[in-house]
Amino acid sequence: MSAEPAGPAEAGLSVVIPCYNEIDNVDHVCAEVLAELGHLDLELIFVDDGSSDGTLDAIKRLAMADSRVHYISFTRNFGFEAAFSAGYRYARRPWILHLDADQQFPAAEARRLIEVAGHGYDAVFGVRNDRKDPLARRLGTAAFHFVAARMLRIELPKDATAFRLVRTSLARKIVDLRLGTPYFLATVPRLTSRYTTVPVEHRARLRGESKVGLRWLAGHAIGLFVSVGRRLTTLASVTALGASALALLFALLAATGLLAPAAGGAALFVLVATALGVLGLTVRFLVVIAASQARPRLFYVREATVPVDAADLLFGPADPAPTNDLPEQRPATRSPEQART
Ligand code: UDP
Ligand code: MG
């Protein structure tokens, strides 16, 4: 039998930091990571998710100053999951620590995850002791976990967050599934039983605004409920079919005079409305399922300081080098002859 692979303290760590318009945070998070974890064999991979506020320039300055700092920059904003997926895909140490750029998870807390991971786990998730986020977010997360785990029986690490330590080979396998929305939390338990959670401290966001809106979270939750858990879709379909059958029965009874026309009409109306409503929901679910099927690419990279597959680059080395700057607006200079062609 092969020896158990080493824990992150011995084997080394890639710290993946997704960033979308985090210009006020990148210097601070970089300094914190290096101060708290700099004694480990470390690389930092900032993933610039199409920021428009100069975040990439700030990251480049950090990379110039410290050879452990690397970056991957997208061609546009592809969203939180694409951002961390790129970091996981191209991490080069055996373990990945996922850290948000806004320092809501103190880097020092990673030591707890590292200690526990050393006991033979493939993934260790931080659980916020005392979450410092608005009430609506806290209630939303509680409802999400209740519906997913209790009602739909989707296996999730309980109350787990994105602050996590994962074996790079496991994280890469999940990214390589190329699920439209990777549902990282829900996919880990489908690949390994060696995962656990650890309580960690949490801070309020100090600088900048949250980039993850409630609408996005709701859409993400529904996507998970209908694509990983099948119960909801099945329930909606069965209800629609049942309501349609009852509506037909009422129609027949009303036609044969066995049901008073007024009562029959009202019952029929309610049932038809129910059937249509549930059918509409079913269609919506099917659309969500279709959208979450495997996709050829989750993101495109404009530039990076780590080697990136050619297929993940929007422009290959042979293409004319595009820059971040938008082309200058020039008046048309074509002659009338050229204008006809
Ligand atoms: N983020 C990203 N792309 C996005 C949205 C967010 O890379 O489209 C990053 C963001 O910069 C931060 C992390 O994902 O580092 C978590 O986002 P945020 O703090 O806004 O989420 P919240 O803590 O409010 O859930
Ligand atoms: Mg945050």
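K.L.:
What am I meant to see in helix 3 (residues 55-65) here?
P.N.:
Given 3.6 residues per turn, any residue in an α-helix points the same way as the ones three and four places further on. Taken together, the buried positions of helix 3 are Thr55, Leu56, Ala58, Ile59, Leu62 and Ala63. Burial along helix 3 is one-sided: seen end-on, the buried residues are contained in an arc of 160 degrees. In this structure, helix 3 carries Arg61, Met64 and Ala65 as exposed residues pointing more than 90 degrees from its buried face. In this structure, the buried side of helix 3 is in contact with strand 1 (13-19), helix 2 (26-37), strand 2 (42-48), strand 3 (69-74) and strand 8 (301-304).

K.L.:
Sorry, what's going on with the coordination of the magnesium ion (ligand 2) here?
P.N.:
Within the first shell, the magnesium ion (ligand 2) binds the protein through Asp102 (OD) and Gln104 (OE1), at distances of 1.9 to 2.1 Å. Taken individually, Asp102 and Gln104 each receive the classification buried, so the pair is uniform in this respect.

K.L.:
Sorry if this is basic, but what is going on with the packing of aromatic side chains here?
P.N.:
In this description, an aromatic ring pair is defined by two values, namely the gap between the centres and the angle between the planes. Under the criterion given, the structure shown has 8 aromatic pairs. Consider the rings of Phe74 and Phe78, whose centres lie 5.6 Å apart with planes at 85 degrees: the pair is edge-to-face. You can call Phe74 buried: its relative accessible area is 2%. Residue class for Phe78 comes out partly exposed when judged on its relative accessible area of 28%. Between Phe144 and Phe225, the ring centres sit 5.8 Å apart and the planes meet at 20 degrees, which makes this aromatic pair stacked. Here Phe225 lies in helix 9 (residues 214-227) and Phe144 lies in helix 6 (residues 135-151), a separation of 81 residues in the sequence.

K.L.:
I'm lost on the confidence of the model for the chain in this one. Help?
P.N.:
Detailed reading of the predicted coordinates is not advisable wherever pLDDT is low. Confidence along the chain averages 87 in pLDDT terms, with 90% of residues attaining 70 or more. Contacts from residues 329-341, a stretch scored under 50 in pLDDT, to residues over four places away or in other chains number 3 contacts.

K.L.:
Can you walk me through the nonpolar core in this structure?
P.N.:
Generally speaking, soluble globular proteins have nonpolar side chains that are buried together. Counting residues in hydrophobic clusters, the biggest one holds 41 residues, and the most contacted among them are Phe74, Tyr88, Ile154, Phe184, Val188 and Phe299. Those elements that place two or more of their residues in this core are strand 2, strand 3, helix 4 (80-90), strand 5 (123-128), helix 6, helix 7 (168-176), helix 8 (184-191) and helix 9. Ranked by the residues each element gives to this core, the list is headed by helix 4, at 6 residues. Every residue in contact with Phe299, bar those within four places of it in the chain, is listed here: Phe74, Phe78, Ala82, Ser85, Ala86, Tyr90 and Asp312. Core analysis: the next-biggest nonpolar cluster, separate from the first, contains 36 residues, Val33, Ile59, Val69 and Val124 among them.

K.L.:
Just checking my understanding: could you explain the pairing of strand 1 for this structure?
P.N.:
Within a regular strand, the side chains alternate between the two sheet faces. Of all 7 residues that make up strand 1, 7 are buried, and the element is covered over most of its length. Of the two faces of strand 1, the one holding Leu13, Val15, Ile17 and Cys19 and the one holding Ser14, Val16 and Pro18 are both buried throughout. Sheet topology note: the strand 1/strand 2 ladder contains 7 bridges and is parallel. Across the sheet, residue Val16 finds its bridge partner in strand 2, namely Ile45. Following the backbone out of strand 1, through helix 2 and into the adjacent parallel strand 2, one traces a crossover that is right-handed.

K.L.:
For this particular structure, what's the right way to read the packing of helix 6 against helix 9?
P.N.:
The relative placement of two packed helices is expressed as an angle between their axes plus a distance between the axes. With their axes 11 Å apart at the nearest point, helix 6 and helix 9 run at an angle of 5 degrees to one another. It follows that helix 6 is roughly parallel to helix 9 by the angle criterion. Seen from helix 6, the contacting residues are Ala136, Arg137, Phe144, Val147 and Ala148; seen from helix 9, they are Leu214, Leu217, Ala221, Leu224 and Phe225. Looking at the contact of helix 6 with helix 9 residue by residue, the class counts come to 9 nonpolar, no polar and 1 charged.

About the criteria used
- Residues numbered from 1 in each chain as written.
- Chains lettered and ligands numbered in written order.
- Predicted model: local features only at pLDDT ≥ 70, side-chain atom pairs only at ≥ 80, totals over all residues.
- Heavy atoms only, no water.
- Buried < 20%, exposed > 50% of the residue type's maximum accessible area, 1.4 Å probe, protein only.
- Helix = DSSP H or I, 4+ residues; strand = E, 2+ residues; numbered from the N terminus.
- Arc of directions from axis to C-beta.
- Contact = heavy atoms within 4.5 Å.
- Donors = N, O, S within 2.8 Å, 3.2 Å for Na, K, Ca; no water.
- Phe/Tyr/Trp six-rings, centres within 6.5 Å; stacked < 30°, edge-to-face > 60°.
- pLDDT = per-residue confidence, 0-100.
- Core = buried A, V, L, I, M, F, W, Y, C linked by side-chain atoms within 4.5 Å.
- Pairing = 2+ DSSP bridges.
- Right-handed = clockwise from strand over helix to strand, strands pointing away.
- Axes fitted to C-alpha atoms, helices over the stretch in contact; angles between N-to-C directions.
- Parallel < 35°, antiparallel > 145°, perpendicular 65-115°, else oblique.
- Nonpolar A, V, L, I, M, F, W, Y, C, P; charged D, E, K, R; others polar.

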